[in-house]
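Summary of structural features
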Amino acid sequence: MKFRHVRAVAAAAVVLVALTGARHSHGGGCGSSHSSGSDGGSSSTGGSSTSGSSTSGSTSGYTSGGSGSSRSAMRDIKINGCQYNGAGSVKTTVSATNSSSTTKYTYLLTVKFTAPGGKDLGTRHPSIPYVMPGRTDSTDVIQYVPSDAATAGTYRCSVTDVQRTPLS
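Computed from a predicted structure; not experimentally measured. Numbering of residues starts from 1 in every chain and runs along the sequence as written. Where local features are concerned, this predicted model is filtered to residues with pLDDT of at least 70; where side-chain atom pairs are given and counted, the filter is 80 or more; whole-chain, interface and lining totals use all residues. Based on all heavy atoms of the structure, the side-chain values leave hydrogens and waters out of the count.

1. Here we look at the pattern of salt bridges
- By definition, a salt bridge exists where a carboxyl oxygen of Asp or Glu is found within 4 Å of a side-chain nitrogen of Lys or Arg. A full pass over the atoms with the stated rule returns three salt bridges.
- Linking Asp76 and Arg164 is a salt bridge whose minimum nitrogen-to-oxygen distance equals 2.9 Å. Taken together, the residues Asp76 in the loop between helix H2 (69–74) and strand S3 (77–84) and Arg164 in strand S9 (residues 155–167) connect sequence positions 88 residues apart.
- Burial classes follow relative accessibility: with a 1.4 Å probe on protein chains only, a residue under 20% of its type's maximum area counts as buried, one over 50% as exposed, and anything between as partly exposed. Judged by relative accessible area, Asp76 falls into the buried class, the value being 7%.
- Residue Lys119 pairs with Asp148 through a salt bridge whose shortest N-O separation is 3.3 Å. Taken together, the residues Lys119 in the loop between strand S5 (104–114) and strand S6 (120–124) and Asp148 in the loop between strand S8 (136–144) and S9 connect sequence positions 29 residues apart.
- Judged by relative accessible area, Lys119 falls into the partly exposed class, the value being 39%. Strands here mean DSSP runs of E at least two residues long; helices mean DSSP runs of H or I at least four residues long; both are numbered from the N terminus.

Shown next, in the form of structure tokens:
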């Protein structure tokens, strides 16, 4: 299988699990009574939190939220910048550090992008596949910014959910 096929299968699996009742496993889904974290800020309930900003003052990044088993997966995730390129998109780099000493994982993420005025720009669902024990891998995530939302100020990128799947 090609890499793009593996990513597509992993993304489809996450959607399938979310739609078929993952709410009972503390992994999210409809009807879950657990909070998935904050929508900004540098603190969160039940998950790890990181923030960072560039010297230009136009970016910030956060990881937030998580409950149950996703809480330990969230600790493995870090946002490395959140940069508006001035030409219609915001880019963030998300890294996953596998905290296990024996198991390799694929990380399925939900990344939310927010404009300076608080307008929701969208959500992306990237994956970071085959992270070996003790290693760190990363992926770039890009979100289109409509011209009516392209303003000066701090763009926010946040990881709102992480699913970590063990691989054999």
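There's plenty left to go through after this.
2. Regarding the packing of aromatic side chains
- Aromatic contacts are taken between Phe, Tyr and Trp rings whose centres are within 6.5 Å, Trp giving its six-membered ring; a plane angle under 30 degrees counts as stacked, one over 60 as edge-to-face, and the others as tilted. Within this structure, the stated rule accounts for two aromatic pairs.
- A ring pair is formed by Tyr84 and Tyr155, whose centres lie 4.8 Å apart and whose planes are at 5 degrees; its orientation type is stacked. Taken together, the residues Tyr84 in strand S3 and Tyr155 in strand S9 connect sequence positions 71 residues apart.
- Assessed through its relative accessible area of 19%, Tyr84 is described here as buried.

3. Structural notes on the pairing of S3
- Whether two strands pair comes down to DSSP finding at least two bridges between them. Bridge count between S3 and strand S4 (residues 89–97): seven bridges; the pairing is antiparallel. Within the sheet, the bridge partner assigned to Tyr84 lies in S4 and is Val90.
- Hairpin connection from S3 to S4: four residues lie between these consecutive antiparallel strands, with Gly86 at a positive phi of about 80 degrees.

4. Focus on the sheet that holds S3
- The antiparallel open sheet is built from three strands, whose spatial order is S3-S4-S8. Only two strands of the sheet have a single neighbouring strand rather than two, namely S3 and S8. Adjacent strand axes in the sheet meet at a mean angle of 15 degrees when their direction is disregarded.
- Bridging between S4 and S8 involves nine bridges; their strand directions are antiparallel. Bridge pairing links Ala96 to Asp137 in S8. A fitted line through C-alpha atoms represents every axis, and for helices the fit uses only the stretch in contact; the resulting angles, taken between N-to-C directions, go from 0 to 180 degrees.

5. Brief notes about the state of the cysteines
- Only a pair of cysteine sulfur atoms within 2.5 Å counts as a disulfide in this structure description. For the structure shown, the criterion picks out one disulfide.
- Each disulfide pairs two cysteine sulfurs, and for Cys82 the partner residue is Cys157, the sulfurs being separated by 1.9 Å. Of note, the bridge from Cys82 to Cys157 carries an S-S torsion of about 65 degrees and is right-handed in sense. Here Cys157 lies in strand S9 and Cys82 lies in strand S3, a separation of 75 residues in the sequence.
- Residue Cys82 is classed as buried on the basis of its relative accessible area, which comes to 2%.
- By relative accessible area, Cys157 is classed as buried at 0%.

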